[in-house]
Amino acid sequence: MGSSVCQDFISKIEEIAKGLEAGKGFMNSDYIHDFTEKVRQAKTHADEIISTNRDLKIGIIGQVKAGKSSFLNALIFEGQDILPKAATPMTAALTRIIYSEKQTAKVVFYSPKDWDVIRENAKRFDEELQQGIEALKAEKQRIADEQKTRMQKVKDLARQPQTQEPTPQEIETVKTKIPELYRSCKELVDMADSGNCKSKLGHEEEISVANLKQDLQQYVGAEGKYTPIVKWIELGINNPLIKGIEIIDTPGLGDPVTSRSEKTKEFLMACDLVFILSPTSQFLGSEDISLIMDTLPGDSINHAVIVGSKFDSVMLDDSSRGKPPLIQVIRRTRDKLDSAARRVIADSAKAERGIHAEVLRRINEEVSAGKSLYYTSAILYNAAKNIASGRSLAETEEHILAELKRRFEGMREDPEFLRELAGIDRIREIEFAKIAQEKESIIEERSREFVKAQQLYLSGQLNRIQAECEQNLRLIQTEDIDGLSRKQKASRDAQASMRIAIQREFELCAADTAKYIVGIAHSIKSRALDNTGLNIREEREDKEHSSTSGMLWWKKTTHYTTTTYHKAANVGDVIGNIHKYITDSENRIAQEIERAIDVEGVRTRIKDIVLQAFNKSNADFEPEDIIGPVEVLLSKLTVPPFSIVDPKKYDNWIVEAFPNSRILDEAIHDLERKQTEVLRDIAHDISTELEKRTKDIQGVLLEQSVHFTDEVGQKINEKINNLQILIQDREKNTELMKEFLGHLAKYKERLR
């Protein structure tokens, strides 16, 4: 699509947005605001998107800890840890990587307004922490008083002072129950306060590239001085692979910092294709599908590449006994992941409608044809680079290579073999070669689809504006001031009658949700020791000995062999069992957590309660008068994403206790005891995470129970107040609204 056509389209929708301003007094202005904002975004990116003489833009998306930074370090920076790994969602940097013959680096910091929002959320953390501590003190005092009452006959004990101050461990437990948004913002504020870095808020800064890896740590490293206040960074890299390409590494669309999340969405809107990274241990979970839904359809991105990261870990989860050939394990693991990908995407496509279903069907066709699906291991790629250059291996690389050699026949440590197994070169050779070859056609398709996507979305907004305006026109033609006043009073009566029922519904939902999640936790705990088997084998050890008898010329040496039999086990079996338990738990939680809230059931029951309350009132309310505001509020009712525990922590516990991978005889019992202890700790940690999630969900539901009725009433009253104003000059406003509806019909025709 040519530049002139796109510019004509932008001019057209700008004129429409300007014309819609005349309708603000006739309806809920949110619809008009949304239309205007979409036009602004389209105008911002249109020139860039439709230009054929530009870089092709690739977005890298995935949850925190999906391995995006490690993947890009291997793909673009030849295994160097240039992009630091994010410790938390708050320290995950939004990074723009472009080709440049001369290396460059620029940092953009949060604005003072951004920081005020972060600081306010940190303040809420402090408030909730204090409330939690006071509640804990009160509970401890109650328990102490009960104990004192029961034992008051024992005078010495009764006189003993009772301290109700919480222990540090108890305070840490209280912190885990505070919503993640507040915890994360508190973390950023504490980091910024300790680093004395806030003078840079609202600024941009060019940074030294003489030692990029080291210098960048100050801005995006987990311990970096300026990390807490960085909004995004831009790197110019002299790498022929990305010549003509721009890469956007995102912190994820679920970013707790709203301004950075909005900037991420703006960057992605300009992308032509995306790489979706998902760890193979929990491949293509519900959060990944949500990312696809949030990213591709709304911005007309038609090309996606799925990358299963951390392939080395999932290979080690292979349940085969003995020492199977590595090639068989690779094929078996890839087949399993391929099948899972096809199943998940196909099931999701069936559950979706319209453009979302079409996007998923297109991805499924690519995956089913063996295209656009790769499995990678940044660890194996880095190990290959280190071995080839004579550098020592990192501890993690040594451990993974040792385990692969111990577990599988045919595992080698030569660089060429490791690079092939890592899968990074395959993406370069296939995907990036295809991107270079098809760049112009991808950009042209993106240009065409961009305008179509904007037309579709904006036409939908015009339909909503038209429906709202037509309804309000009918009301001002048929209602009078007294009738609207009666409706307003009836609305208040309806709110009063439904308040308790609404509150009870949300409270019941909160209680049911808690029970459901407790059931998930109990099920996971009960399975902690289901997979504890070790491959204990008998090993024979032969030792050569010699003894000498006699003297001088009569000296005689005798040689003999002694044989000892040992029981032997491998630490890798325990690590494999740990990974299997965590993976199984992750899969179960991913399947069950979405069912924790019966969202559709709650929506149906809430709407029934509201409609019944308004039907019992004496005013004549149409269902659409009520359902619109209710739907807007209920759309916020969702299940927050769940983050599982990190297996590396538990691996380290085992390795620290048993530094040698081969364990003999009585030490095997110690290994089994340690395995049981660690699995129970994992079960406890997962239960703790689920408890935190329960508190978060209950908090959302209980907040809705308090405010939902008032918010419904507020929106209905705003509408009635606006209608009362319009009725005061009924004849004039009727004509103006008819005129506006006439313009709307023309606007819709122009967008076809």
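Residues numbered from 1 in each chain as written. Predicted model: local features only at pLDDT ≥ 70, side-chain atom pairs only at ≥ 80, totals over all residues. Heavy atoms only, no water.

1. A short note on the overall build of the protein
If you tally the helices and strands in the protein, you get 24 helices and twelve strands. With 752 residues in all, the protein has 47% of them scored as buried. Long-range pairs, those at least 24 residues apart, make up 83% of the contacts in the protein between residues at least 6 apart in sequence. (Helix = DSSP H or I, 4+ residues; strand = E, 2+ residues; numbered from the N terminus. Buried < 20%, exposed > 50% of the residue type's maximum accessible area, 1.4 Å probe, protein only. Contact = heavy atoms within 4.5 Å.)

2. Some details on the packing of aromatic side chains
One pass over the full model with this rule turns up ten aromatic pairs. Three or more aromatic residues joined by ring pairs form one cluster here, namely Phe-71, Phe-275 and Phe-432. (Phe/Tyr/Trp six-rings, centres within 6.5 Å; stacked < 30°, edge-to-face > 60°.)

3. Regarding the packing of helix α3 (residues 68-75) against helix α14 (residues 378-389)
Following both chains from N to C, one finds α3 and α14 inclined at 35°, their axes separated by 9 Å at the closest point. The interaxial crossing formed by α3 with α14 has left-handed handedness. On the side of α3, the interface is formed by Ser-70, Phe-71 and Ala-74, while α14 contributes Ala-378, Tyr-381 and Asn-382. Taken together, the residues of the contact of α3 with α14 sort by class into four nonpolar, two polar and no charged. (Axes fitted to C-alpha atoms, helices over the stretch in contact; angles between N-to-C directions. Left-handed = near helix turned anticlockwise from the far one by under 90°. Nonpolar A, V, L, I, M, F, W, Y, C, P; charged D, E, K, R; others polar.)

4. Some remarks on a negative patch on the surface
Taken together, the side chains of Asp-116, Glu-120, Glu-127 and Glu-128 define an acidic patch exposed on the protein surface. Judged by relative accessible area, Glu-127 falls into the partly exposed class, the value being 41%. (Patch = residues over 30% accessible without salt bridge, like charges linked within 9 Å, V, L, I, M, F, W, Y side chains within 5 Å. Areas by Shrake-Rupley, 256 points an atom, 1.4 Å probe, with all protein chains shown as cover. Salt bridge = Lys/Arg side-chain N within 4 Å of Asp/Glu carboxyl O. Lys, Arg positive; Asp, Glu negative; His and termini not counted. Charge placed at Lys NZ, Arg CZ, Asp CG, Glu CD.)

5. Things to note about the sheet that holds strand β11 (residues 556-570)
Taken in spatial order, the three strands line up as β10-β11-β12 in an open sheet, and their pairing is antiparallel. Because the sheet does not close on itself, it has two edges, and the strands there are β10 (537-549) and β12 (662-664). For this sheet, the mean inter-axis angle between neighbouring strands, taken without regard to orientation, is 45°. Pairing between β10 and β11: 13 bridges, direction antiparallel. Following the sheet pairing, Glu-544 is matched in β11 by Thr-561. (Pairing = 2+ DSSP bridges.)

6. Observations concerning the pattern of salt bridges
Enumeration over the complete set of coordinates arrives at 33 salt bridges. Across the pair Glu-413 and Lys-405 runs a salt bridge, and its minimum N-O distance is 3.9 Å. The exposure class of Glu-413 is partly exposed, given its relative accessible area of 33%. Among the residues examined, Lys-405 registers a relative accessible area of 40% and is labelled partly exposed.

7. Considering the nonpolar core
One finds Ile-58 and Phe-275 to be the most contacted residues of the largest nonpolar core, which totals 103 residues. Examining the composition of this core, we find that eight residues originate from one element, helix α12 (residues 326-351), more than from any other. Apart from the residues lying within four places of it in its own chain, the contact partners of Phe-275 are Ile-58, Gly-59, Ile-60, Ile-61, Phe-71, Val-305, Val-307, Ile-427, Glu-431, Phe-432 and Ile-435. One finds Ile-32, Phe-450, Ile-524 and Leu-690 within the second-largest nonpolar core, a separate group that totals 82 residues. (Core = buried A, V, L, I, M, F, W, Y, C linked by side-chain atoms within 4.5 Å.)

8. Some words on the packing of helix α22 (residues 647-657) against helix α23 (residues 667-727)
Packing of α22 against α23 leaves a shortest axis separation of 11 Å and a crossing angle of 160°. In terms of their interaxial angle, α22 and α23 are classed as roughly antiparallel. When the axes of α22 and α23 are compared, the crossing they make is right-handed. In this structure, α22 contributes Lys-649, Tyr-650, Trp-653, Ile-654 and Ala-657 to the contact, and α23 contributes Lys-674, Val-678, Asp-681, Ile-682 and Asp-685. (Parallel < 35°, antiparallel > 145°, perpendicular 65-115°, else oblique.)

9. A closer look at the environment of Gln-130
Here Gln-130 shows up in helix α4 (residues 112-150). The sequence separation of Gln-130 and Lys-175 amounts to 45 residues, and the corresponding C-alpha distance is 9.8 Å.

10. Some words on the environment of Glu-170
Here Glu-170 shows up in helix α6 (residues 168-176). Glu-170 sits in the partly exposed class, given a relative accessible area of 27%. With 34 residues separating them in the primary sequence, Glu-170 and Leu-136 have C-alpha atoms 8.5 Å apart. Contact partners of Glu-170, with chain neighbours within four places excluded, come to Leu-136 and Lys-140.

11. So, the sheet that holds strand β8 (residues 303-309)
The sheet built from nine strands is open, its strands ordered β4-β3-β5-β2-β6-β1-β7-β8-β9 with mixed pairing. Edge positions in the sheet fall to β4 (204-206) and β9 (373-375), since each of these pairs with one other strand and no more. Between one strand axis and the next, the sheet turns through 20° on average, direction left out of account. Packed onto the sheet, α3 meets β1 (56-61), β2 (94-99), β6 (245-249), β7 (273-279) and β8 and runs at close to 155° relative to β6. Across the sheet, helix α8 (residues 212-220) lies against β3 (104-109), β4 and β5 (230-237), angled at about 165° from β5, the strand it touches most.

12. Points about the side chain of Asp-425
If you trace the backbone, Asp-425 turns up in helix α17 (residues 424-478). Only 2.9 Å separates the side chain of Asp-425 from the side chain of Arg-419, close enough to count as a polar contact. When near neighbours in sequence (up to four residues on either side) are disregarded, Asp-425 contacts Tyr-381 and Arg-419. (Polar contact = N/O pair within 3.5 Å; in protein donor to acceptor, adjacent residues only side chain to side chain.)

13. Quick word on unusual backbone geometry
Unlike most non-glycine residues, Glu-78 shows phi in positive territory, near 55°. Among the structural elements, Glu-78 can be located in the loop between α3 and β2. In the Ramachandran plot, Lys-310 falls in the positive-phi region, its phi being about 60° despite a non-glycine side chain. Within the secondary structure, Lys-310 sits in the loop between β8 and α11 (311-316).

14. Digging into the side chain of Arg-428
In this structure, Arg-428 sits in helix α17. Side chain to side chain, Arg-428 and Asp-425 meet in a polar contact 2.6 Å long. Excluding anything up to four places from it in sequence, Arg-428 contacts Ala-74, Leu-75, Glu-78, Leu-241, Tyr-381, Arg-419 and Ala-433.

15. A short note on the pairing of β5
When you tally the buried positions in β5, you get eight out of eight residues, the bulk of the element. Here β3 pairs with β5 via six bridges, running antiparallel. Bridge pairing in β5 places Val-108 opposite Trp-232.

16. Regarding the confidence of the model for the protein
Interpretation of the predicted coordinates at a detailed level should be avoided for regions scoring low in pLDDT. Overall, the prediction assigns the protein a mean pLDDT of 81, with 87% of residues at 70 or greater. With pLDDT under 50 throughout, residues 156-161 is counted as low confidence; its partners more than four residues away or in other chains account for two contacts. Counted against residues more than four places away or in other chains, residues 253-260, with its pLDDT under 50, gives 27 contacts. (pLDDT = per-residue confidence, 0-100.)

17. Observations regarding the environment of Glu-172
Looking at where Glu-172 falls in the secondary structure, it is placed in helix α6. Judged by relative accessible area, Glu-172 falls into the partly exposed class, the value being 44%. Separated by 43 residues in the primary sequence, Glu-172 and Leu-129 place their C-alpha atoms 9.7 Å from one another.

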